[in-house]
Amino acid sequence: MALRVLATPPPGSGLKPVVGDPGLPYIGNTLQVMRQPFKVSRERYARFGPVSWSWLLGQQTITAQGPEAAEAVLVNRDKAFANGPAWSYFIGPFFHRGIMLLDFDEHLHHRRIMQQAFNKPRLRTYMDAMAPGIAKGLDAWEPGHGFRFYDHVKQLTLDLATDVFMGVALDRAEADRINGAFIDAVRAGTAYVRRPVPGLRWHKGVRARAVLEEFFRRHLPAKRRDGGDDLFAALCQAETDDGHRFTDDDVVNHMIFALMAAHDTTTITLTTMAYYLAKHPEWQERLRDESLALGKPALEFDDLDTMTGIDMVMKEALRLVAPVPALPRRVVKDTSVLGFHIPAGTTIVVPLLTNHHMPEWWPEPDRFDPERFAPERREDKAHKYAWAPFGGGAHKCIGLHFAGMQVKSIMHQLLLTRRWSVPGRYTWPLDTTSLPSPKDGLPVRLDRLEPR
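How each quantity is defined
- Residues numbered from 1 in each chain as written.
- Predicted model: local features only at pLDDT ≥ 70, side-chain atom pairs only at ≥ 80, totals over all residues.
- Heavy atoms only, no water.
- UniProt positions renumbered as here; feature names shortened; annotations may be inferred.
- Helix = DSSP H or I, 4+ residues; strand = E, 2+ residues; numbered from the N terminus.
- Contact = heavy atoms within 4.5 Å.
- Lys, Arg positive; Asp, Glu negative; His and termini not counted.
- Charge placed at Lys NZ, Arg CZ, Asp CG, Glu CD.
- Patch = residues over 30% accessible without salt bridge, like charges linked within 9 Å, V, L, I, M, F, W, Y side chains within 5 Å.
- Areas by Shrake-Rupley, 256 points an atom, 1.4 Å probe, with all protein chains shown as cover.
- Salt bridge = Lys/Arg side-chain N within 4 Å of Asp/Glu carboxyl O.
- Buried < 20%, exposed > 50% of the residue type's maximum accessible area, 1.4 Å probe, protein only.
- Core = buried A, V, L, I, M, F, W, Y, C linked by side-chain atoms within 4.5 Å.
- Axes fitted to C-alpha atoms, helices over the stretch in contact; angles between N-to-C directions.
- Parallel < 35°, antiparallel > 145°, perpendicular 65-115°, else oblique.
- Nonpolar A, V, L, I, M, F, W, Y, C, P; charged D, E, K, R; others polar.
- Pairing = 2+ DSSP bridges.

Under an unreviewed UniProt entry, the name given to the protein is Putative cytochrome P450 136, and the organism recorded is Actinomadura macrotermitis. Quoted verbatim from the Cofactor (unreviewed entry) field of UniProt, the annotation for the protein is "heme".

A. Inspection of the overall build of the protein at higher detail. The helix and strand inventory of the protein stands at 15 helices and 14 strands. Contacts spanning at least 24 positions in sequence make up 72% of the contacts within the protein whose residues lie at least 6 apart. Here the protein contributes 57 positive and 53 negative side-chain charges, whose respective centroids are spaced 5 Å apart.

B. Looking closely at a positive patch on the surface. A cluster of basic side chains, namely R77, K381, K384 and K396, defines a positive patch on the protein surface. Assignment of secondary structure puts K396 in the loop between α14 (352–355) and α15 (400–417).

C. Focus on the UniProt feature "binding site: heme" (unreviewed entry) in the protein. The positions UniProt marks with the feature "binding site: heme" (unreviewed entry) are C397. Examined against the element boundaries, C397 turns out to sit in the loop between α14 and α15. Setting aside residues up to four positions removed in sequence, C397 forms contacts with R111 and F390.

D. Fine view of the side chain of H357. Tracing the chain through its elements places H357 in the loop between α14 and α15. Setting aside its immediate chain neighbours within four residues, H357 contacts F38, R42, R319, L320, W362, P365 and D366.

E. Examining the pattern of salt bridges more closely. In total, this model carries 36 salt bridges according to the counting rule given. Here D230 ties to K223 by a salt bridge, and the two come within 2.8 Å at their closest N and O atoms. Comparing D230 with K223, the two get one shared label, buried. With its nearest N and O atoms 3.3 Å apart, the salt bridge here joins R445 to D447.

F. Representation of a nonpolar patch on the surface. Together, L24, Y26, I27, L31, Y192, V193, V197 and L200 make up a nonpolar patch on the protein surface, roughly 680 Å² of accessible area in all. If you trace the backbone, L31 turns up in helix α1 (residues 30–35).

G. Up close: the nonpolar core. Core analysis: the biggest nonpolar cluster contains 126 residues, and F95, I342 and W420 have the highest contact counts within it. Of the residues forming this core, the biggest block, 17 residues, is contributed by helix α11 (residues 248–279).

H. Summary view of the packing of α11 against helix α13 (residues 308–320). Where α11 meets α13, the axes come as close as 9 Å, and the angle between the chain directions of the two elements is 105°. As judged from the angle between their axes, α11 and α13 are roughly perpendicular. Taking contact as the criterion, the partners of T269, T272, M273, Y276 and L277 in α11 are, on α13, I310, V313, M314, A317, L318 and L320. Taken together, the residues of the contact of α11 with α13 sort by class into 9 nonpolar, 2 polar and no charged.

I. Spatial organisation of the sheet that holds strand β11 (residues 418–421). Read from one edge of the open sheet, 3 strands run β6-β14-β11, paired in antiparallel fashion. Here the strands that pair on one side only, and so sit at the sheet edges, are β6 (144–148) and β11. Along the sheet, successive strands turn relative to each other by an average axial angle of 45°, direction set aside. Pairing of β6 with strand β14 (residues 443–448), which is carried by 3 bridges, proceeds in the antiparallel orientation. Each bridged residue has a counterpart across the sheet, and for R148 the counterpart in β14 is P443. Contacting β11 and β14, α15 crosses the sheet at an angle of about 90° to β11.

Written out as structure tokens, the structure reads:
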């Protein structure tokens, strides 16, 4: 396919045009990018450099590869890149006006209020509330061959999210209904057919949004009235120093988005950790020894910084499989990235999943090597945006500390009570057509450990 220029730079600007291979009409290179992201990204980088364009999911999309391009887009110094219009194209109908879909002054206003729900006292409360739920959930995991780790940890993280975030007691049928709605809403974002055709992803996502909205609106009056230690109550009560609070619509929108973000991204990170710890049992034993040495059945808030082994493995898992594989932005005015002319009206994407595998920044990028994050190496410090699983700039994930706390808490209890393994030749089939997950659910041999 011949190269094509996206747009001619203004005369005298000194900027270079963005070139690329648009691919097929409308579909473009969507299928290749979604199914073989690492191969495609390396080929495009070698052919076009860090900034190129293509048709993806029906849009003219610029891909900004590498940490230098990521910094330019995510820091967004001249406010040329907007979250809302970009994310709304993918998930707007399903996660309407979540914190990630707001921009500029409005986003900062909502973030100031929401920050009250993620301060240190709240995080301590959430962590204390999680510990019994983690123990109960793991105790139900039956040992044996073919234990589908992804499916079970997804159920566990949803149950924890409903306990800690919602503070609402759900029976199994209701929990499964809410979980199914979140799955449908997330998968709808990468639907090929972006119309509500019955039976297809987009239609299921629209129906899922209605289920979630009805659920939160039904429980909201009691949360306003009774309060509590959960996120739902915190958002109902959160107030800035100058008296700003969330409306009922705001609370519903932020709860739907937060619950999705909390359990989906944590599930992916824990599954990635479990896969590599099964493939590298020496690391699993190293982390188990660390947890045994702590001498506590559950982590406490002040223990988090002492779990250096779990921290390194978690960071390496986030590098190898970024839970949010790409960050899109809509270009709201003509601007530039690394000397390339970026025209208004286009979409630009920072591909975190593949940025973390660039050999230009990461030696042996596909190899599991948690020591990359050891104090004496810190390969992530090669550039501020070499490792950016939580994004950056004003939109850096507001729940990143909660996420790390939850991952470490679950992994600690898991290491103390279970050992898991996979056959030596097993390689997981990673599905990257939506949020990354193993197609087979990651079947492991799970063994129960006797208390020491």
